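# Tertiary structure, described
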Amino acid sequence: EIDVVANGLQLPTNIAFVPNPGPLPSDPYFYVTELYGVIKVVSRDFTVSNYATGLLNFDPTGFFPGSGEQGLTGIVVDPTTGDVFATRVTATNPANPNGAHHPQVLRFTSNDGGRTAATTTVIRDMIGESQGQSHQISNLTIGPDGKLYVHNGDGFDAATAQNLDSYRGKVLRMNLDGTAPTDNPFYSAANGI
C-alpha cells in the first residue's frame, strides 16, 4: 500500500525524519531537501511548508543529465538539539555564478521548534574542491558515535579519492561543528584536518 503524505515538492533529493517529534499536529515530522535550494518541513499532520529558502548563490536550472544536477542534497537532524544539517554545492565566486562550484556543509538552528530556520552557519567550506554534475557532495548521517558523516563525490576526478589532500571522493567524519575528530584515521595535527 502506498500513501501520499506530501506533495508539491520540486526535485526532492533527500529526507530526514525528526528523531523525537513532538506530539502536536503542527510539530515537524520530517525535512526534505529540494535540489534547487529549498528545505521543506513536513509536520505531523503532513502540512508542507518552507524551513529555509534561497540556499543557492547560482541559477541551478539546466539539463538532466548535466548542469541541472547541482544544488542542495543531503540532510540530517541532530537528535540532541534538533538542529538541521544539509549539504550543498555553492558558487566559489558569487560574481561568476556559472564558474567553479565547491561543496559546503551547513548547520541550521531554529527558534520556533524546528518550523523555520533562524540561523545558517557554514561549518565546512571546501573551497578549491570542484564539483561536477551528480558527482557532488550528497548524503549526511550522524553516526552512533555522535559524529557527522559526509559523503562527498569525486567531482568527475576519480583520482581524488586516493589523494589525502583532497576532500573529494570520500566519506568525511567530522564533529558537529565541522572540525575533524583527532581519532580520525588520517587526522593531521599539523593542520587540524
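All values reported here derive from a predicted model rather than from experimental measurement.

## Focus on the side chain of Ser43
Here Ser43 is to be found in strand 3 (residues 38–43). With relative accessibility at 7%, the residue Ser43 sits in the buried group. Here the side chain of Ser43 touches Asp45 through a polar contact of 2.4 Å, side chain to side chain.

## Side note on the sheet that holds strand 10 (residues 148–152)
Within a beta sheet, neighbouring strands are joined by backbone hydrogen bonds and run either parallel or antiparallel to one another. Spatial ordering of the open sheet is given by 9-10-11, a layout of three strands whose pairing is antiparallel. One side of each edge strand has no neighbouring strand; the edge strands of this open sheet are strand 9 (140–142) and strand 11 (170–174). Going across the sheet, the axis of each strand differs from the next one's by a mean of 20°, ignoring polarity. Where strand 10 meets strand 11, five bridges bridge the pair, whose relative direction is antiparallel. The residue of strand 11 that forms the bridge with Val150 is Leu172.

## Topic: the side chain of Gln104
With respect to the helices and strands, the residue Gln104 is situated in strand 7 (residues 101–109). Polar contacts involving the side chain of Gln104 include one to the side chain of Arg88, which spans 2.7 Å. Within the structure, Gln104 has its side chain in polar contact with the side chain of Asp125 (distance 2.9 Å).

## Overview of the pattern of salt bridges
Here the idea is simple: oppositely charged side chains can pair when their charged atoms come close. Across all of its chains, the model carries six salt bridges by this definition. Between Asp27 and Arg115 there is a salt bridge, with the nearest N and O atoms lying 2.8 Å from each other. Remark: Arg115 occurs in the loop between strand 7 and strand 8 (119–125) and Asp27 occurs in the loop between strand 1 (12–17) and strand 2 (28–34); sequence separation between them is 88 residues. Look at Asp27 and you get buried, because its relative accessible area is 10%.

## A closer look at the sheet that holds strand 8
The four strands are arranged 5-6-7-8 in an open sheet whose pairing can be described as antiparallel. Each having just a single partner strand, strand 5 (72–77) and strand 8 make up the two edges of the open sheet. Neighbour-to-neighbour, the strand axes of the sheet open up by a mean angle of 30°, direction not taken into account. Relative to strand 6 (residues 84–91), strand 5 runs antiparallel, the two being bridged by four bridges. Residue pairing in the sheet places Ile75 in a bridge with Ala86 of strand 6.

## Here's the deal with the environment of Leu106
Relative to the helices and strands, Leu106 is located in strand 7. Separated by 21 residues in the primary sequence, Leu106 and Phe85 place their C-alpha atoms 5.5 Å from one another. With sequence-adjacent residues up to four places away left out, Leu106 is seen in contact with Val84, Phe85, Ala86, Arg88, Thr120, Thr121 and Val122.

What counts, and at which threshold
Residues numbered from 1 in each chain as written. Predicted model: local features only at pLDDT ≥ 70, side-chain atom pairs only at ≥ 80, totals over all residues. Heavy atoms only, no water. Helix = DSSP H or I, 4+ residues; strand = E, 2+ residues; numbered from the N terminus. Buried < 20%, exposed > 50% of the residue type's maximum accessible area, 1.4 Å probe, protein only. Polar contact = N/O pair within 3.5 Å; in protein donor to acceptor, adjacent residues only side chain to side chain. Pairing = 2+ DSSP bridges. Axes fitted to C-alpha atoms, helices over the stretch in contact; angles between N-to-C directions. Salt bridge = Lys/Arg side-chain N within 4 Å of Asp/Glu carboxyl O. Contact = heavy atoms within 4.5 Å.

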